[in-house]
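Architecture at a glance
So the chains spell out like this:
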Amino acid sequence: MSVAWIWRLRLPNQPMLRHLTLAISGGALLFVLTTVLSSFNDYQVAQIGVYAVALAGLTLLTGANGQISLGNGAFMAVGAYGAGLLLAHTDVPIAVALLLAVAVGAVAGVVIGIPASRLRGPYLAGMTLALAVGLPSMVTKFSSVFGGDQGLSIAPPTPPNGVDPERWLAWIVLLCVVIVLVLLGNLMRSRFGRAFRAVRDDEVAASLVGISVARTQVLAFAVSAGCAGLAGGLFGLTIGGANPDAFNVQLSISLLAGVVLGGTGSLFGVWWGAVLLVYVPQWATSVAGTLNLQTGQSSNLALLFYGVVLVVVMLAAPGGLQGGIRRLTTLFVDKVRAGIQPSLPSTEGEHT
Amino acid sequence: MSRFLDLTLGGVTYGAIYAAVALALVLIWRATRILNFAQGAMAMFSTYIASSLVERHVSYWVALVVALASGALIGAVVERVVVRPVERRPPLNAVIVTLGLLVAIEALAGIIWGGSLRSFPSYFSQVGLVVGRTRLAFSHFDVYVVCAVIVVLLGFVILFRFTDVGLRMRASAFSPEVSRLLGVRVGRTLTLGWALASMVGALAGVLAAPKLFLGPNFMDAVFIYGFTAAVIGGLESPLGAVIGGIVTGLSLSYVGGYLGSSLDALGALVIVMIVLMVRPRGIFTPIAERRV
């Protein structure tokens, strides 16, 4: 029974403590990882982090609250342009610009969330799809402010002496990811999170116990859009700008693919989705190279993959990767526990 | 005033195209309570098939028939293979599946035919008709578009009102269990419904392509406007879909003409938001309680 003590190690029961423990240990691990990686890989870590923030917001909305949004790509655009404009016209610190990105994203989320709270399933998807198609045209319409098709350029953050710029970028992004995940983790465990899930599962029952369905849905939309705004701001920092092409409908649907593959509603699952969103385009580029496809076809390959993932995961494993892993670990843990200490109750899956 | 007339006539033609997309959406919604987000992408795929035939000097009408047949085939296959398994699951699953199809079909078309826009023949002249001394913004082709959509609408009215198949389709949409007990092959009827709907979608693609240029994403905006039209019509009524299409076409034509053409899609968003805030079930359906 040499491994038995591992299973007796329990995370603290208090959610805040538990999430902080997880965040600090995870953050430390990622910090060590970035110091070992090359600067190119650090840049990829930053990209993964950006998607993780966006996916965390979307998984809260879709997984926990049961609302679908195809507009989170558009909310990312709002955040990117908000942060970009602030950084271009003033010399505020990056943290302030990112906070602004969260704020403008959340405000846009409230504006869209209020009508959205009256809509269900397909109607909501259609309306947010119209947002994703329509919003980029604002940029060309008001090109004097937003820079038209060229977009804005955003200066990358200047690192302190001796730190690699890509590593510095990765640290900034990862810090944001950790903060977002801790906050969302707590939110999911709070009475708001319970209200989200109650509304998702049964609106009538939820309103009978005194939850305001519409207010809960608008809140979920605002939080989700705030995360998307932050992700947009970070996205602008990583690619050094914001242009309408970057925030097209395909981005919104890719985000949905990331959430669905990772496991809808799982905050751990966002890492799977984020890794997918960064590595699939790369993989597609190399496949397009070996197949001698024309340039520009690699993005089509990636999109084809996302589309197939959406269909196949929905048909075969609606719980996504994290759902599958959770099922396996619960099985395994139960077995081990049953072997050592039959009376120990099995823990619930965390971060649902 | 003449500008207003031009915008109105242009709006009617586009409205007819949106009405065709809306009709396809309504047919599928009535039968399966699924909003087919891949409708536009499936139509685009059929239009590409027609386009490659026309490029090989096949006649326009043969290409049109092949496009319609391929549309029906795609619709039937999609229903059988990917939609059937999610029909009994939560509605979100079906939404995600059809969205996945949307992306996958568009990407596949991009891989097969390339991403560059190509022109598509209109068969009829696109030069405006002359009435008296003024040249209207309404061509022979526009007349053809409007007539084609009217014919489709009449066809559906006849199908649903006066034929056995139509009765079976209405019955299986209304109550699948009872219909099954009465001997209706509900599964086949649903497949037929999807095939018919996708055929209408393919028609919309072939009608829209000469005006918009054919590309893998060219139906995205048309789909949004068709959705807008269907929402105005209430997603339940074919006539509502056609009226919704004309209303959408006209409103967007005025928005584009007077406020700037890049705002079309946002205009559609605003229309959808207003309609859904005022009458969440659309304008042409009796108010019903939301099913819990």
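This text follows the structure it describes.
Residues numbered from 1 in each chain as written. Chains lettered and ligands numbered in written order. Predicted model: local features only at pLDDT ≥ 70, side-chain atom pairs only at ≥ 80, totals over all residues.

Some points on the overall build of chain A
A count of helical and extended segments in chain A gives 15 helices and two strands. If one aligns the C-alpha atoms of chain A with their principal axes, the spans along those axes are about 70 × 55 × 45 Å. Intrachain contacts of chain A at a sequence separation of at least 6 include 77% that bridge at least 24 residues. (Helix = DSSP H or I, 4+ residues; strand = E, 2+ residues; numbered from the N terminus. Contact = placed C-beta atoms within 7 Å.)

As for the interface of chain A and chain B
Between chain A and chain B, the contact holds 42 residues from the first and 41 residues from the second. If you list the elements that add at least two residues to the side of chain A that touches chain B, you get helix 6 (121-141), helix 10 (203-208), helix 12 (249-262) and helix 14 (297-316) of chain A. Among the elements that take part in the side of chain A that touches chain B, helix 6 of chain A stands out by supplying 15 residues, more than any other. Tallied by class, the residues present in the side of chain A that touches chain B amount to 27 nonpolar, 12 polar and three charged. (Nonpolar A, V, L, I, M, F, W, Y, C, P; charged D, E, K, R; others polar.)

Section: the pairing of strand 1 (residues 128-131) of chain B
All names here are of chain B. Taken together, the three bridges between strand 1 and strand 2 (residues 134-139) define a ladder with antiparallel strand orientation. Considered in strand 2, the bridge of glycine 128 is made with serine 139. With antiparallel pairing between neighbouring strands as the criterion, strand 1 and strand 2 make up a hairpin whose turn holds two residues, including glycine 132 at a positive phi of roughly 65 degrees. (Pairing = 2+ DSSP bridges.)

Observations concerning helix 13 (residues 269-290) of chain A
All names here are of chain A. With 22 residues, helix 13 should reach 32 Å at 1.5 Å per residue; the first-to-last C-alpha distance of 31 Å fits that figure. In the structure, helix 13 departs most strongly from a straight axis at tyrosine 279, where the bend amounts to approximately 30 degrees and where the proline proline 281 lies between one and four residues downstream. Of all the residues in helix 13, the buried ones are Gly269, Val270, Trp271, Trp272, Gly273, Ala274, Leu276, Leu277, Val278, Val280, Ala284 and Ala288. With its phi angle positive at about 60 degrees, asparagine 292 sits one or two positions after the end of helix 13. (Expected span 1.5 Å × (residues − 1). Bend = angle between axes of the 7 residues up to and from the residue. Buried ≥ 20, exposed ≤ 12 C-beta atoms within 10 Å, placed from the backbone.)

Topic: the nonpolar core
Counting 227 residues, the largest nonpolar core has A:Val53, A:Leu310, B:Ala20 and B:Leu23 as its most contacted members. Here this core takes 17 residues from helix 1 (residues 2-32) of chain B, the largest share from any one element. In this structure B:Ala20 touches B:Val149, B:Val152, B:Val200, B:Leu203, B:Ala204 and B:Leu207, once residues within four positions along its chain are discounted. (Core = buried A, V, L, I, M, F, W, Y, C linked by C-beta atoms within 7 Å.)

As for the environment of A:Val213
All names here are of chain A. Within the element layout of this structure, valine 213 appears in helix 11 (residues 213-239). Here valine 213 falls in the partly exposed class, since 15 other C-beta atoms lie within 10 Å of it. C-alpha of valine 213 to C-alpha of valine 199: the two residues are 14 residues apart in sequence and 6.2 Å apart in space. Setting aside chain neighbours within four positions, we find valine 213 in contact with Val199, Glu203, Ala206 and Ser207.

Geometry only, nothing functional implied.
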